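# Structural overview
Here are the chains, one letter per residue:
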Amino acid sequence: MNKSAVRAWIMYDWANSAYATTVLAAVLPVFYSSVAADGLEKTTAASYLAYTHAIGMALVAILSPLLGAISDLSGRKTTFLTCFTLLGIVSTSCFALVERGDWLMASAFLVLSTLGFSGGNAFYDSMLPDLVPPERRDEISSKGYAAGYVGGGILLALNLLMIQKPSLFGISDGLTGTRWAFVTVGVWWLLFALPVMRRVPNLERQTSGLTAAGYVRSGLKRIAGAYRDIRRYPQLFKLIAAFWFYNDGINTIILMATIYGTTIGIGTSDLILALLITQFVGFPSTLLLGKAAVRFGPKRTLLASLFMYVLIVALGYWMTQALHFYLLAVMVGLVQGGSQSISRSLLSDLMPMGRTGELFGFVNITSKFSSIFGPFFFGLVGQLTGSSRMGILSLLLFFGLGIVILMKVDVERGKNDSLQGRFTDNGGPVSAETERLVT
């Protein structure tokens, strides 16, 4: 195991979590509601933001599996990660240009930044099995998420000061501080992404002599093979199906929690402080859940975290004051990073080696398409009922289905399946020595 490359890989979570915390979870929802969507009803603004997230996820879903397959064939995972990261950095910084009432411009930048953030994560996640042996993946994956909580939390604290105490930075007002916060996210993301760009080398090409069009054709063939052959790995398929549902619930909570708080009257300062609490509770909790996964098994630990989410959703429906939001923020911090890191390592354990970029692309496309429904249902139910409370309650369906399917996954059988064969062009698993590459 290349320790330098692994440290650089972990540091990328530190880098891009600034986008997840400051932009997705904390500052952008409030900025979108109060500035970009100025003049719209609060519930309408929340629905527009939810629809925008759905559009961004759809674009990621369309592109990720093809790019993942091409990255496997070409060995250029780091190159693709770099390109998507730069797209995310530039579009995030452009939020500073949004004026009052420019909700359409803000939505466009959000779609692009979502594409950069989520698209980059598909390649980032697929690097885990390339860099880390199976027995260390739960540990390393949890360290990545834990680093993300600290990195994202530190910058969020700085951004909070810029917004709430702008005079400390020579800034005229809180709105200007918010604009500068978007720029600092871009700078932070770039600075701490440099190690993974420099220290994690591209892999050897699985095939050579292909033109750009040839890589696209080969990538499409491999995607078709993955869709066809993944049924030969039933435990992996069940895990992915469970992931579709519960991850949709988790992502919707991350994306919509702040704007949901604004619709029920919780102040901006309370919302951002609560999310800051989530970050610093999440750091030790993610590490502890990673250790729990090693001791008690990843499936049991993941199920326990999902049952916690069911409780969070139920309590969120009844939330009426800032203290409630603080308590829920602590509860989310206890399980958010751990559930995501365990999911990532468990998926990698059940994937055949050699096509992890393609398979994480498959997970990305299917989970992003499924993740359209969480924000969409949140927005639709909010508009139909005139209350975002019913939107948050609808997430119980996603967590419930995810839990039921996850309980049916036989992890050990899935690991054995992944070791015995790889996906092939003709539909059957064969040994690594006889696997034919798609050309």
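In terms of helices and strands, the chain carries 17 helices and zero strands. Every one of the 439 residues in the chain was classed for burial, and the buried ones make up 59%. Within the chain, counting contacts between residues at least 6 apart in sequence, those at least 24 apart form 84% of the total. Accessible surface, the chain as shown: approximately 17,000 Å² in total, 65% of it carbon and sulfur.

Within the fold, Thr52 resides in helix α2 (residues 42-74). Beyond its immediate chain neighbours, meaning those up to four positions away, Thr52 contacts Tyr32, Ser107, Leu110 and Val111.

This paragraph deals with the packing of helix α11 (residues 298-318) against helix α12 (residues 322-349). As a packed pair, α11 and α12 sit with axes 9 Å apart at the nearest point and diverge in direction by 150°. Here α11 lies roughly antiparallel to α12, going by the angle between them. The handedness of the crossing between α11 and α12 comes out as left-handed. Here Pro298, Thr301, Leu302, Ser305, Met308, Tyr309, Leu311, Ile312, Leu315, Gly316 and Trp318 of α11 lie close against α12, whose contacting residues are His324, Leu328, Met331, Val332, Leu334, Val335, Gln336, Ser339, Ile342, Ser343 and Leu346.

Scanning the model with the defined rule gives eight salt bridges in all. We note a salt bridge from Arg344 to Asp13, for which the minimum N-O separation is 3.6 Å. Taken together, the residues span a long stretch of sequence, with Arg344 in helix α12 and Asp13 in helix α1 (residues 3-36) at a distance of 331 residues. Per residue, the accessibility class of Arg344 equals that of Asp13, and both read buried. For Arg344, the salt bridge goes to Asp125, with nearest N and O atoms at 3.0 Å. Within this pair, whereas Arg344 is found in helix α12, its partner Asp125 is found in helix α4 (residues 103-126), the two being separated by 219 residues in sequence.

This next bit is on helix α7 (residues 174-199). Along its 26 residues, α7 runs 38 Å from first to last C-alpha, staying within 8% of the 38 Å computed at 1.5 Å per residue. The sharpest bend along α7 measures roughly 35° and falls at Ala193, with the proline Pro195 sitting one to four residues further on. One side-chain oxygen of the residue at the start of α7 lies 3.2 Å from the amide nitrogen of Leu175, identifying that residue as Asp173.

Here helix α14 (residues 373-385) spans 17 Å end to end across 13 residues, near enough to the 18 Å set by a 1.5 Å rise per residue. Phi turns positive, to about 75°, at Gly386, one or two residues after α14.

Let us now look at the packing of aromatic side chains. Within the structure shown, the criterion is met by 18 aromatic pairs. Each ring, one from Tyr12 and one from Tyr124, has its centre 5.1 Å from the other, and the planes form 45°; the classification is tilted. Of the two residues, Tyr12 is situated in helix α1 and Tyr124 in helix α4; the sequence distance between them amounts to 112 residues. By relative accessible area, Tyr124 is classed as buried at 1%. Judged by centre distance (6.2 Å) and plane angle (80°), the rings of Phe95 and Phe109 are edge-to-face.

Glancing now at a positive patch on the surface. Where like charges cluster on the molecular surface, the positive patch consists of Lys3, Arg7, Arg198 and Arg199. Contributions of two or more residues to the positive patch are made by α1 and α7. Classification of Arg199 by relative accessible area gives partly exposed; the value is 43%.

Further remarks concern the nonpolar core. Formed by 60 residues in total, the largest nonpolar core has its most connected members in Trp9, Tyr19, Leu131 and Trp189. Counting only elements with at least two residues in this core, the list comes to α1, α2, α3 (77-93), α4, α5 (128-131), α6 (137-164), α7 and α10 (268-296). Ranked by residue count, the leading element in this core is α1, at 20 residues. In this structure, Leu131 is in contact with Met1, Ala5, Val6, Trp9 and Val200, ignoring residues within four places of it in sequence. Among the nonpolar cores identified, the runner-up in size contains 50 residues, and Leu303, Met351, Leu406 and Val411 belong to it.

Turning next to a nonpolar patch on the surface. On the surface, a nonpolar cluster with roughly 340 Å² of combined accessible area is contributed by Ile55, Leu59, Ile62 and Leu63. Tracing the backbone through its elements, the reader meets Leu59 in helix α2. Since its relative accessible area comes to 36%, Leu59 is described here as partly exposed.

Time to look at the confidence of the model for the chain. Across the chain, the average pLDDT comes to 81, with 85% of residues at 70 or higher. In the model of the chain, helix α13 (residues 356-371) stands out as the element of lowest mean pLDDT, 65, in contrast to α7, which has the highest, 95. pLDDT under 50 marks residues 422-439. Its contacts with residues more than four places away, or in other chains, come to 49 contacts.

It is worth spelling out the packing of α3 against α7 at this point. Two elements in contact, α3 and α7, have axes whose closest approach is 8 Å; the angle formed by their N-to-C orientations is 170°. Taken together, the axes of α3 and α7 lie roughly antiparallel to each other. In this structure, α3 crosses over α7, and the sense of that crossing is left-handed. Here Thr78, Leu81, Thr82, Thr85, Leu86, Gly88, Ile89, Thr92 and Ser93 of α3 come into contact with α7, specifically with Phe182, Val183, Val185, Gly186, Trp189, Leu190, Ala193, Val196 and Met197. Residue composition of the contact of α3 with α7, grouped by class: eleven nonpolar, seven polar and no charged.

Rules used in this analysis
- Residues numbered from 1 in each chain as written.
- Predicted model: local features only at pLDDT ≥ 70, side-chain atom pairs only at ≥ 80, totals over all residues.
- Heavy atoms only, no water.
- Helix = DSSP H or I, 4+ residues; strand = E, 2+ residues; numbered from the N terminus.
- Buried < 20%, exposed > 50% of the residue type's maximum accessible area, 1.4 Å probe, protein only.
- Contact = heavy atoms within 4.5 Å.
- Areas by Shrake-Rupley, 256 points an atom, 1.4 Å probe, with all protein chains shown as cover.
- Axes fitted to C-alpha atoms, helices over the stretch in contact; angles between N-to-C directions.
- Parallel < 35°, antiparallel > 145°, perpendicular 65-115°, else oblique.
- Left-handed = near helix turned anticlockwise from the far one by under 90°.
- Salt bridge = Lys/Arg side-chain N within 4 Å of Asp/Glu carboxyl O.
- Expected span 1.5 Å × (residues − 1).
- Bend = angle between axes of the 7 residues up to and from the residue.
- Polar contact = N/O pair within 3.5 Å; in protein donor to acceptor, adjacent residues only side chain to side chain.
- Phe/Tyr/Trp six-rings, centres within 6.5 Å; stacked < 30°, edge-to-face > 60°.
- Patch = residues over 30% accessible without salt bridge, like charges linked within 9 Å, V, L, I, M, F, W, Y side chains within 5 Å.
- Lys, Arg positive; Asp, Glu negative; His and termini not counted.
- Charge placed at Lys NZ, Arg CZ, Asp CG, Glu CD.
- Core = buried A, V, L, I, M, F, W, Y, C linked by side-chain atoms within 4.5 Å.
- pLDDT = per-residue confidence, 0-100.
- Nonpolar A, V, L, I, M, F, W, Y, C, P; charged D, E, K, R; others polar.

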